[in-house]
Amino acid sequence: MTAGRGRPGGVRVALAAVGAAVMGYGGWLLAREIEWTPAVLLSVAAWLVTGPPAHDLLLAPLVAVTGVLVARLLPRPWRTMVVVGLFATGTLLLVGTPLLTRPSAAPPNPGLDDRDYLPGLLAYLGAVWVLLFAVTAGVALRRRRRARRSAQNGS
Amino acid sequence: MTERGEVTGRPHLRLPREEDFRAEGHDVRVAARLGVLLGVAFGLCFVTGVLSHVAQHGSWWPTRPVNLYRVTQGVHVLSGIAAVPLLLAKLWSVYPRLFVRPALRSVGHALERASLFVLIGAAFFQLATGMFNSAQSYPWLFRFVPTHYAVAWVAVGALLVHVAVKLPKIRDGLRRQVGRPAPGVSGLSRRGLLSASGFAALAAVVATAGATVPWLYRVSPLSWRASRGPQGLPINRSATAAGVARVGADWRLAVEWPGGRRELSRDQLAALPQHTVRLPIACVEGWSASAVWTGVVVADLLAAVGAPTGRVRVESLEAVGTYRESLLLPDHVQDRLTLLALGLNGEELSLDHGYPCRIIAATRPGVLQTKWVAVLRVLP
């Protein structure tokens, strides 16, 4: 299992062996834990196997296309701001999805998970974008001043 | 994060090739650095997860510091949250490698790619199920705790294999400076992608940390500890959900030990010396909150009825449920901070908080702070 051309050293072989053993232990725990019925296996598989294809076939292409669009439509440094803002927004939406949707939720528990999450999240996202906008505007302003000064010095 | 030349004027669509991705972020220097951060996050998750396993199932767990479990489980959940953007950025940095040709070079290469699939699948599983569990949402047909525990070993094993395979590349990537962006490159620079990942991770941690960090509570919009709750503390399992009704004056606490048994009414418990302590409830779901508890020190109670000390099995009035009973280990039984609590924040314990009495002890996971206690059984 070598990636490079060179022969793997002892450390790498040992690490891979330990890793394989740990992985095997986890697999054994998992096989012992789950009920071997079609419904349960399907449920486990849905959570265990769909992550990589969902990322590779949906999320990553979406990011690539968004990146191309942002690069074509926006000048620097606003381009960077939008990409960073979209990344943070996407992350927060992903992290917020369980709380915002709560499928198959536990019975109501006073004091837990009973906030109205959407308004708070939108306000937080607003604050993130305002912060990014302020920083970017500062950068743009400084660049313009520097450009003007060097133009004056040059003339 | 931009690709130039990816969508050219070709009349037909084709699969992208590795060399189509020209953004600076697709670089071993970025991947190695994100990998180190991700390794730290996953490492913290794994270690604190195993500690949580020991706290719930082990035969020894320390009684101090009082906030031990609050901190380890808070770190567990927050490092998992931080891992979400780090994992996405890491996958983005190496995304072109997905399209490497030939797809499978050798048996070793096939094994490597298979182990990567296991690693990414297990990582997604851990982060997704963990976050849904924190939201007390269970859209699956398996038991969360043992399955999350099993897949943690799969993920860490696959991670070790991955590090073993990539070690030369990791060394190479870390040895080289991130460097300045090349002139004329349109997308996010290498440093830009690293900074963006850090920013997204920070934003996500701050957005959720209020569940366990008291002063962040007002700032965090995604804190699953939503409010203070009745009597100033959230309820994690209501009496209705547990199927427990308020007991009458004829209720008795049974204390049993090999060769003896005593029953005490609630008035008798209240007549014993009362102690007031400030202790947190720290839930496996990563929320925690401190409260002031009043009740009888369990060690005093055992001494008062003439029971020996040792391990104590605590049984609840709850008829069914994974956490209807818990085991108090000897150190916790002898600890002066282990109470059979009758009161909470200056009031009588409400039914949802465990009336007639509940266990509260330092460093124990919330699920082991058994409510509606009916029996204390000293084990031989």
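**Looking at the overall build of chain B**
On a plain count of helices and strands, chain B comes out with 9 helices and 10 strands. Oriented by its inertia axes, the alpha-carbon framework of chain B measures out at about 85 × 45 × 40 Å. Looking at chain B as a whole, 50% of its 380 residues qualify as buried. A sequence separation of at least 24 residues applies to 71% of the contacts in chain B between residues at least 6 apart.

**Details of the overall build of chain A**
Across its full length, chain A holds 5 helices and 0 strands. Ordering the α and β elements of chain A from the N terminus gives α-α-α-α-α. For a compact globule of 155 residues, the expected C-alpha radius of gyration is about 15 Å, and chain A comes in at 25 Å, more than 25% above that figure. On the principal axes, the C-alpha backbone points of chain A span a range of 80 × 60 × 25 Å. Within chain A, buried positions represent 25% of all 155 residues. Within chain A, residue pairs in contact and separated by at least 24 positions form 47% of the contacts whose partners lie at least 6 positions apart.

**Here's the deal with the nonpolar core**
Counting residues in each nonpolar core, the largest one holds 137 residues, and the members touching the most others are B:Ala83, B:Val154, B:Ala155 and B:Ala204. Take this core: its biggest share by element is 14 residues, from helix 4 (residues 144-175) of chain B. Aside from chain neighbours lying at most four places away, what touches B:Val154 is A:Met23, A:Gly26, A:Gly27, A:Leu30, B:Val118 and B:Ala122.

**Some thoughts on the pairing of strand 2 (residues 260-264) of chain B**
Working note: regular strand, side chains alternate between the two faces of the sheet. Residues and elements named next belong to chain B. As judged from the 5 bridges shared by strand 1 (residues 253-257) and strand 2, these two strands associate in the antiparallel manner. Residue pairing in the sheet places Val-255 in a bridge with Arg-262 of strand 2. Taking the residues between adjacent antiparallel strands as the criterion, strand 1 and strand 2 are bridged by 2 residues, where Gly-259 takes a positive phi near 95°.

**A word on the sheet that holds strand 2 of chain B**
Residue and element names in this part refer to chain B. On the basis of which strands lie adjacent, the open sheet formed by 5 strands has the order 2-1-10-5-6 and mixed pairing. The strands lining the two open edges of the sheet, one partner per strand, are strand 2 and strand 6 (325-328). Strand-to-strand, the axes of this sheet are offset by a mean angle of 15°, without reference to chain direction. Looking at chain direction, strand 1 and strand 10 (residues 373-378) are connected through 3 bridges and run parallel. In the sheet register, Ala-254 faces strand 10, and the bridge partner there is Val-375.

**Remarks on the interface of chain A and chain B**
Opposite the 69 residues of chain A that make contact, chain B presents 85 residues. Where the side of chain A that touches chain B is concerned, the elements lending two or more residues are helix 1 (10-33), helix 2 (38-49), helix 3 (51-73), helix 4 (78-101) and helix 5 (117-154) of chain A. Examining the composition of the side of chain A that touches chain B, we find that 14 residues originate from one element, helix 1 of chain A, more than from any other. Its residues placed into classes, the side of chain A that touches chain B shows 45 nonpolar, 17 polar and 7 charged.

**Overview of the environment of B:Val320**
Residue and element names in this part refer to chain B. Along the chain, Val-320 turns up in the loop between strand 5 (312-316) and strand 6. Judged by the 7 C-beta atoms lying within 10 Å of it, Val-320 falls in the exposed class. Sequence separation of Val-320 and Ala-242 is 78 residues, and the distance between their C-alpha atoms is 7.7 Å.

**Concerning the environment of B:Trp140**
Residues and elements named next belong to chain B. As for its position among the elements, Trp-140 is in the loop between helix 3 (107-134) and helix 4. Residue Trp-140 is classed as partly exposed on the basis of its 19 C-beta neighbours within 10 Å. Along the sequence, Trp-140 and Val-292 sit 152 residues apart, while their C-alpha atoms lie 37 Å from each other.

**A closer look at the confidence of the model for chain B**
Do not read the predicted coordinates in detail wherever pLDDT is low. Residues and elements named next belong to chain B. The predicted model of chain B has a mean per-residue pLDDT of 93, with 97% of residues at 70 or higher. The model gives residues 1-6 a pLDDT under 50, and that stretch makes 31 contacts with residues more than four places away or in other chains. Of the two predicted TM-score estimates for the complex, the pTM is 0.93 and the ipTM is 0.92.

**Notes on the environment of B:Glu348**
All names here are of chain B. By the element assignment, Glu-348 lies in strand 8 (residues 347-348). The exposure class assigned to Glu-348 is partly exposed, which follows from the 14 C-beta atoms found within 10 Å. Separated by 242 residues in sequence, Glu-348 and Ser-106 have C-alpha atoms that sit 69 Å apart.

**Observations regarding the packing of helix 4 of chain A against helix 5 (residues 190-208) of chain B**
Between helix 4 of chain A and helix 5 of chain B, the least distance of the axes is 9 Å, while the angle of their chain directions is 35°. For the pair helix 4 of chain A and helix 5 of chain B, the crossing hand works out as right-handed. Across from A:Thr80, A:Val83, A:Val84, A:Phe87, A:Ala88, A:Thr91, A:Leu92 and A:Val95 in helix 4 of chain A, the residues of helix 5 of chain B making contact are B:Gly192, B:Ala196, B:Phe199, B:Ala200, B:Ala203, B:Ala204, B:Ala207 and B:Thr208. Its residues assigned to classes, the contact of helix 4 of chain A with helix 5 of chain B comprises 12 nonpolar, 4 polar and no charged.

**Here's the deal with unusual backbone geometry**
Of note, the amide linkage connecting B:Arg101 to B:Pro102 takes the cis form, showing an omega dihedral of -10°. With respect to the secondary-structure elements, B:Pro102 resides in the loop between helix 2 (68-93) and helix 3. Put simply, B:Tyr355 and B:Pro356 share a cis peptide bond, and its omega is 15°. In this structure, B:Pro356 sits in the loop between strand 8 and strand 9 (358-360). Although it is not a glycine, A:Ser104 adopts a positive phi angle of roughly 45°. Mapped onto the elements of the fold, A:Ser104 is located in the loop between helix 4 and helix 5.

Thresholds applied
Residues numbered from 1 in each chain as written. Chains lettered and ligands numbered in written order. Predicted model: local features only at pLDDT ≥ 70, side-chain atom pairs only at ≥ 80, totals over all residues. Helix = DSSP H or I, 4+ residues; strand = E, 2+ residues; numbered from the N terminus. Buried ≥ 20, exposed ≤ 12 C-beta atoms within 10 Å, placed from the backbone. Contact = placed C-beta atoms within 7 Å. Rg over C-alpha atoms; globule rule 2.2 N^0.38 Å. Core = buried A, V, L, I, M, F, W, Y, C linked by C-beta atoms within 7 Å. Pairing = 2+ DSSP bridges. Axes fitted to C-alpha atoms, helices over the stretch in contact; angles between N-to-C directions. Nonpolar A, V, L, I, M, F, W, Y, C, P; charged D, E, K, R; others polar. pLDDT = per-residue confidence, 0-100. Left-handed = near helix turned anticlockwise from the far one by under 90°.

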